[in-house]
Amino acid sequence: MAIPLVNLKRQHEALRNAIDTAIAEVVNRGDYILGNAVHAFEQEFAQYCEVKHCIGVGSGLDAITLTLKGLGIGRGDEVITQANTFIATALAIHHAGATPVLVDHNPQTYNLDPKQLISAITNKTKAIMPVHLYGQPSQMDTISAIAAEHGLLVIEDAAQAHGARFQGQRCGSFGQAACFSFYPGKNLGALGDGGAIVTNDDDLAYWLRSARNYGSKSKYEHMIPGYNCRLDTIQAAVLRVKLQHLDIWNDTRRQLAARYMDVLEGTHVVLPTTIDDAEHVYHLFVVRCGNRDEVIEALKNEEIFAGVHYPQPIHTQDAMRRICIVPRPLTNTESYCNELLSLPLCPYITGREIDMIAAIVARVAEPAKSIALQEK
Ligand SMILES: *Cc1c(COP(=O)(O)O)cnc(C)c1O
């Protein structure tokens, strides 16, 4: 049987009854727009993230764009983030009117490198946007200290890190605000698009609630020129069902990642590492090797579908070339993108499937070429 990168089919089978009931409830109530389930989910997800407010929006991209606007970051401002993230991080900075400044990542963790970050700060810098990439928390103690020293805001892109913790604290509760995506394949995913902002900032929460809903204060009374980017009520109802399983799913992800590590230890692939005091939630299980495309082909021959996150860096994309600032060479980003390989991982893959995949990878993979860079 084929093994997809993320087995949403099995996940849905396991929850089918509960999800059907939750959707039927929305239809029975008929409160499709900003309905009961949206408010209930917002409360539950805020509590889960250990923060005061959650504001549901249409996508992760909306979440980041609106957060920046709500914090007054826009034209003439610079926001520093990492070059190896999904394009949405940089797009949102651009859509808010600000300039994305892209820096290289730490070669061990793939997350924002504090040294690169410091060297990119200018008098236009307003915020730092660490991405908890692949589900691993960023080095938030160091990043927060740098932000405090330079008077910068921290906004977390937590789209890959639902439930992760650093030093016991939930990702999403470190910055001024944090942005989540509920794209179906994320650790907490809807049956379509969805996103949210979590924050302890009362003013920002108030502004966001209005901005996502045509800038309205009450119906037909508009205080700001807002948008239509609300979290859909049916999606919120689905997310409420799934949120109850998130911690167990993340535990399972960690166990399955450990199994990959066991089987792949001592082979040519470079395995993921976890920073001290972090609870990684393995949104993706990413390894590196020198012949990535051959390994993908070998897996595909057995109907196993691996992924690449991400094959082409943002600053080299036609859409972004003239938009981003790249203060220093993105050596790791540019060399690693040819070696990165995301192996299938989700709570509904079996241990036996992991063993099968790992055996093929172990047999085919050759050493990563950028290993020397990593060890420098
Ligand atoms: C998925 C993702 C986003 C965008 O979320 P959408 O809901 O797809 O708009 C932003 N940043 C990161 C790091 C992501 O992985």
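Reading the values: rules and limits
Residues numbered from 1 in each chain as written. Predicted model: local features only at pLDDT ≥ 70, side-chain atom pairs only at ≥ 80, totals over all residues. Heavy atoms only, no water. Buried < 20%, exposed > 50% of the residue type's maximum accessible area, 1.4 Å probe, protein only. Helix = DSSP H or I, 4+ residues; strand = E, 2+ residues; numbered from the N terminus. Contact = heavy atoms within 4.5 Å. Pairing = 2+ DSSP bridges. Axes fitted to C-alpha atoms, helices over the stretch in contact; angles between N-to-C directions. Left-handed = near helix turned anticlockwise from the far one by under 90°. Near = heavy atom within 4 Å. Polar contact = N/O pair within 3.5 Å; in protein donor to acceptor, adjacent residues only side chain to side chain. Areas by Shrake-Rupley, 256 points an atom, 1.4 Å probe, with all protein chains shown as cover. Nonpolar A, V, L, I, M, F, W, Y, C, P; charged D, E, K, R; others polar. Domains from an automatic or database assignment. Buried area = accessible area lost by both parts, 1.4 Å probe. Salt bridge = Lys/Arg side-chain N within 4 Å of Asp/Glu carboxyl O.

1. Structural notes on helix H4 (residues 87-95)
Looking only at H4, the buried set comprises Ala88, Thr89, Ala90, Ala92 and Ile93. Where H4 is buried, its residues meet helix H3 (60-70), strand E2 (78-82), strand E3 (99-103), strand E4 (125-129) and strand E5 (153-157). With its phi angle positive at about 105°, Gly97 sits one or two positions after the end of H4.

2. So, the sheet that holds strand E7 (residues 169-170)
Strand order across the open sheet formed by three strands is E7-E6-E12, with antiparallel pairing between neighbours. Looking at strand neighbours, the two that pair on one side only are E7 and strand E12 (278-279), the edges of this open sheet. Pairing analysis gives two bridges linking strand E6 (residues 165-166) to E7, with the strands arranged antiparallel. Within the sheet, the bridge partner assigned to Phe166 lies in E7 and is Gln169.

3. Section: the packing of H3 against H4
Relative orientation of the contacting elements H3 and H4 amounts to 40°, with a least axis distance of 8 Å. Two packed elements cross with a definite hand, and for H3 against H4 that hand is right-handed. Along its contact with H3, which presents Leu61, Ile64, Thr65, Leu68 and Lys69, the element H4 presents Ala88, Thr89, Leu91, Ala92, Ile93 and His95.

4. Section: the site of the ligand
Near the ligand lie 14 residues; those nearest to it are Gly60, Asp157, Gln160, Ser181 and Lys186. In the environment of the ligand, an oxygen atom lies 2.9 Å from a nitrogen or oxygen atom belonging to the backbone of Leu61. Lys186 is positioned such that a nitrogen or oxygen atom in its side chain is 2.9 Å from an oxygen atom of the ligand. When isolated, the ligand has an accessible area of 380 Å², and the protein chains bury 92% of it. A class-by-class count of the residues in the shell around the ligand yields five nonpolar, seven polar and two charged.

5. A closer look at the domain arrangement of the chain
Its domain assignment divides the chain into domain 1 (8-105 + 113-243) and domain 2 (246-375). The straight-line distance from the C-alpha centre of domain 1 to that of domain 2 is 24 Å. Contacts between domain 1 and domain 2 engage 46 residues on the former and 41 residues on the latter. Interface of domain 1 and domain 2: buried area, both sides summed, is about 3,700 Å²; carbon and sulfur atoms make up 59% of it. At the surface where domain 1 touches domain 2, the tally comes to two salt bridges. Between Arg170 and Asp247 there is a salt bridge, with its nearest N and O atoms 3.7 Å apart.

6. Focus on the pairing of strand E9 (residues 195-199)
Looking along a regular strand, one sees the side chains alternate between the two faces of the sheet. With five of five residues buried, E9 is to be regarded as a mostly interior element. Residues of E9 alternate between two faces, with Gly195, Ile197 and Thr199 on one and Ala196 and Val198 on the opposite face, all of them buried. Examined bridge by bridge, strand E8 (residues 177-181) and E9 share five bridges and lie antiparallel to one another. Each bridged residue has a counterpart across the sheet, and for Cys179 the counterpart in E9 is Ile197.

7. Regarding unusual backbone geometry
The linkage connecting His309 with the following residue, Tyr310, adopts the cis geometry, with an omega of 10°. Tracing the backbone shows Tyr310 in the loop between helix H10 (292-301) and helix H11 (331-336). Located in the positive-phi region is Gln167, a residue other than glycine, with phi close to 50°. Along the chain, Gln167 turns up in the loop between E6 and E7. Assessed through its relative accessible area of 45%, Gln167 is described here as partly exposed. Phi at Tyr214 is positive, roughly 60°, even though this residue is not glycine.

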